[in-house]
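The lines below spell out each chain.
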Amino acid sequence: MWTSGRMSNAKSWLGLGMSLYFWGLMDLTTSVLSSTPTPPGEFEALLSDKPRSHQRTKRSWVWNQFFVLEEYTGTDPLYVGKLHSDMDRGDGSIKYILSGEGAGIVFTIDDTTGDIHAIQRLDREERAQYTLRAQALDRRTGRPMEPESEFIIKIQDINDNEPKFLDGPYVATVPEMSPVGTSVIQVTATDADDPTYGNSARVVYSILQGQPYFSVDSKTGVIRTALMNMDREAKEYYEVIIQAKDMGGQLGGLAGTTTVNITLSDVNDNPPRFPQKHYQMSVLESAPISSTVGRVFAKDLDEGINAEMKYTIVDGDGADAFDISTDPNFQVGIITVKKPLSFESKKSYTLKVEGANPHLEMRFLNLGPFQDTTTVHISVEDVDEPPVFEPGFYFVEVPEDVAIGTTIQIISAKDPDVTNNSINPSQVGSVSVTIKVLDVNDNAPEFPRFYEAFVCENAKVGQLIQTVSAVDQDNPRDGQHFYYSLAPEAANNPNFTVRDNQDNTARILTRRSGFRQQEQSVFYLPILIADSGQPVLSSTGTLTIQVCSCDDDGHVMSCSPEAYMLPVSLSRGALIAILACVFVLLVLVLLILSMRRHRKQPYIIDDEENIHENIVRYDDEGGGEEDTEAFDIAAMWNPREAQAGAAPKTRQDMLPEIESLSRYVPQTCAVNSTVHSYVLAKLYEADMDLWAPPFDSLQTYMFEGDGSVAGSLSSLQSATSDSEQSFDFLTDWGPRFRKLAELYGASEGPGPLW
C-alpha cells in the first residue's frame, strides 16, 4: 500500500508512521472479515501534520494532490512531500522513481526515502499545477513493487503581482458645463494573481490626481465629473491619475497607476459680441457691383460650429445699396456694393449690422442673447466720371432704300460730375447703337431652278404634270405670298393651264388629250409669278414640257421622236442585246487570228540534222549494238561530210557557245592526231577568249578508243581490267584540270605554263 505525507519535522513523521502502520492493520482486518481482498498498490494520503486517532475511516477518497507555495526564495530545495510504500521495510530495497511534468527538472525524489523536493523557483502565474507519476521498484531486480500511480502538485498563490492597466494611458472627452456625475470613461486594471485564493486579485480603484474635478468608482473604475460648470474657455485639458490596489485596498497590497487625459469639448455657451460698436468706411462712386467695401467682426469665445456666425443688415438707409455675406473661414462679415453708386445722388449711407449664432443650445439660452449689433457709416467719394448717354442703348430702324445723308437718329450725352469738367479729355463715354435695315420690295419672285416636265401621249384632260414654286430675295414682315397665272401671251393656251394652290405653289394641268410627238414634241409654257409687296413685282418663268410615249401605267418609254424610226417589233433592250452579241463575236475572231499569227516555232532543228550534239538516253548498261544503232555513227567519224552542201543550223533555245575546234583542225590532223592534242587546242582557244561568257555547253568529240591518249571513255569493260589507270597526263591539260589531276594522284609540282 502507498502512503504519502508531508511532515514539518522528524518527530511528527515518526508519529505519522505509527499511525499509518496501525491504519493499515485495521484495513487488513476489515478486508479479512469482509472477505474482500484489498487491491495491491492502493494509495492513501495524509494531508495533516497532526497524528490521526485510531479509528476506522472510510476510504472513499484517494490521495492525489500536493500543495506548495510559489516564489520560494530559500537556498535549499523546497520540500514538497513524501511517498511511501507499505512494502518498504526501511532497508533500502525499494527504489522510488518520479516521472511526468517537471520530473528531474523542477521536482526531484529521493529514490530511497521517497522525499520530493522542488529545485526551481515556482510561479503560479506561469504554471498553476504539475501532473507526475510515481513508481516503487525492487532495487535488486527492478521489478515493480507497486503499480504506477499519478498525482498532482498544485502551486499555491501568493500576492506577488500588482494590478496593471493594459489599455492605459487613456484619452477621454467630456462636454464642458456637464452636470456632476457625468460619466467620462471606465478604466480597468488586471491582476495576475489567483482570484479564487484570498484577496490577492481583488482590486480597488482610487484617484490620486484630478480632484476636485473628477472622481472614480472604487469597484468599477468609472470616472465621472465631480465639479459643476467646468468651463472650457477657462481650462480645457486635465490630467487625471488613477490607482488600482489589490488585497481589497488593505495595507500591504500591491498597486498600479495609469494616466487619463481628459479634454473638455466645446458647447455654445458664449454669445457673440462686436468688440467695435461703430465702423467708418468709404467707397468710390465708380466701384463695380459686388466689390468689397469693408469687413465687420463679432467675436465668439466658442469654437467650431458653435462659433459660426451669420451677418445681416437689419436697418439703415443703405440696405438697398449694399449687401453683406459671411466668410466661412474667418467668420467675418464682408460688406459689398449691391447697385451702382453716385456721389452726385447720395454721398453717405448708414447700416445697422447684426451678428448671430445660427446653432443654439436650449439649455444655455439663459446665457444669451446669442446675437449682437453694430453701426456702419459708409461715405461715397467723388471721381471724375466719363460722359453718360441717355438712354444707355439705341435701336434704330431704317429702310434699305434710304437716301444718303438722311438723319436717322439723334444721340445725346452729359457729364454727371458736379463740377462739369468738360476740359478733361481722359474720360470717354460710349453707347451701343443698333441699326436694323428694313426690307423694301425691290426684287421680283422667280423660279428657283429650271423646270422641265413631260406629258404622255395618252394623257387625259386635267392630268397633273408639274408642281412649281418660286423664291424672292425680299423679306417682308408678313412673310412671302406668291400668285401664279399664265402669262398674258399664253392666257388662251389650249394645251395647259395653271392652278394656284394658295401656298406659294402652283399646279400645271393638261387642258386636252391626244398629244403626239410627230406633231409637236416640246411645249414652252410662260407662267407669270407676282408677289404681295408694295409695289407688286412680277416675273415670267418658262416651263419646258416634252411629249413622251408612255405605257398604260404612265411610265415613260421614249421622249425622242427618232424612236419611231425603229421597227415596231424591235425594242431598245433587244437592240442592245444584238449589239452585245456582235461585239463578243468580233472579239473572239480577233483572238483566234492573233493566236494563229503568233504560233510558236520549234526551238531545236531537226534531230537527224543535228549530228554534233545528240544526247542519247538509255537505261541499259552495255547495250552493245543498241548503243551504236541509236544514231548514225558514221556522221561522228566524218562530221564535215554531214555538213557539206547544207547551211549550218543553230539551236534557238540557248545562247551561242564556244565553237568546236573540229571546223578549224584539218582533216588529216583530225584523223591522225591524238585526242590529247585536240583537247589541248580546244582548251587553248577557251583560255584565250577572255570575253566568252561562262555558258554551260555540251561538246561532242569524235575521237575515242585506241587512238586516244586517255583510252576508251566507255565503262563497259572497266570491271574486267586488271591494270590500274594512270592519270598523270591530266597535269599537262592546263590550270583548269589541275584540281582534277590532284584528286586522281597526279604528280605534285607546278604544271606547265600556257
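Residues numbered from 1 in each chain as written. Predicted model: local features only at pLDDT ≥ 70, side-chain atom pairs only at ≥ 80, totals over all residues. Heavy atoms only, no water.

(A) Layout of the packing of aromatic side chains. Throughout the structure, instances matching the rule amount to 12 aromatic pairs. A centroid spacing of 5.6 Å and a plane angle of 15° characterise the contact between F496 and F515, whose relative ring orientation is stacked. Placement of the pair is F496 in strand β31 (residues 496-500) and F515 in the loop between β32 (505-510) and β33 (522-530), with a sequence separation of 19 residues. In this pair, the class of F496 matches that of F515, namely buried. With a centroid separation of 5.0 Å and an interplanar angle of 90°, the aromatic rings of W733 and F737 are classed as edge-to-face. Its relative accessible area of 16% is what places W733 among the buried residues. Aromatic rings pair up to connect Y213, F214 and Y238 into one cluster. A cation sits over an aromatic face here: K346 above Y349, 5.2 Å from the ring centre. The residue whose ring lies beneath R512 is F515, and the NZ or CZ to ring-centre distance is 4.1 Å. (Phe/Tyr/Trp six-rings, centres within 6.5 Å; stacked < 30°, edge-to-face > 60°. Helix = DSSP H or I, 4+ residues; strand = E, 2+ residues; numbered from the N terminus. Buried < 20%, exposed > 50% of the residue type's maximum accessible area, 1.4 Å probe, protein only. Lys NZ or Arg CZ within 6 Å of the ring centre and 35° of its normal.)

(B) Representation of a negative patch on the surface. A grouping of E400, D401, D439 and D442 is seen on the molecular surface, where their side chains present a negatively charged patch. Within the fold, E400 resides in the loop between β25 (393-399) and β26 (413-414). Judged by its relative accessible area of 37%, E400 falls in the partly exposed class. (Patch = residues over 30% accessible without salt bridge, like charges linked within 9 Å, V, L, I, M, F, W, Y side chains within 5 Å. Areas by Shrake-Rupley, 256 points an atom, 1.4 Å probe, with all protein chains shown as cover. Salt bridge = Lys/Arg side-chain N within 4 Å of Asp/Glu carboxyl O. Lys, Arg positive; Asp, Glu negative; His and termini not counted. Charge placed at Lys NZ, Arg CZ, Asp CG, Glu CD.)

(C) Examining the state of the cysteines more closely. All told, the structure shown has 2 disulfides when counted by the stated rule. Between the sulfur of C456 and that of C550 lies a disulfide, 2.1 Å long from S to S. Note on the C456 and C550 pair: the S-S dihedral is about -80°, so by sign convention the disulfide is left-handed. Linking C456 in strand β28 (residues 451-456) with C550 in strand β34 (residues 538-550), this pair joins segments that are 94 residues apart in sequence. The disulfide that involves C548 links it to C559, with 1.7 Å between the sulfurs. (Disulfide = S-S within 2.5 Å.)

(D) A look at the confidence of the model for the protein. Taken residue by residue, the protein gives an average pLDDT of 78. The fraction at 70 or more is 73%. In this model residues 601-613 is a low-confidence stretch, pLDDT under 50, and it forms 22 contacts with partners more than four residues away in sequence or in other chains. Here residues 635-672 scores under 50 on pLDDT; set against residues more than four positions off or in separate chains, the count is 60 contacts. (pLDDT = per-residue confidence, 0-100. Contact = heavy atoms within 4.5 Å.)

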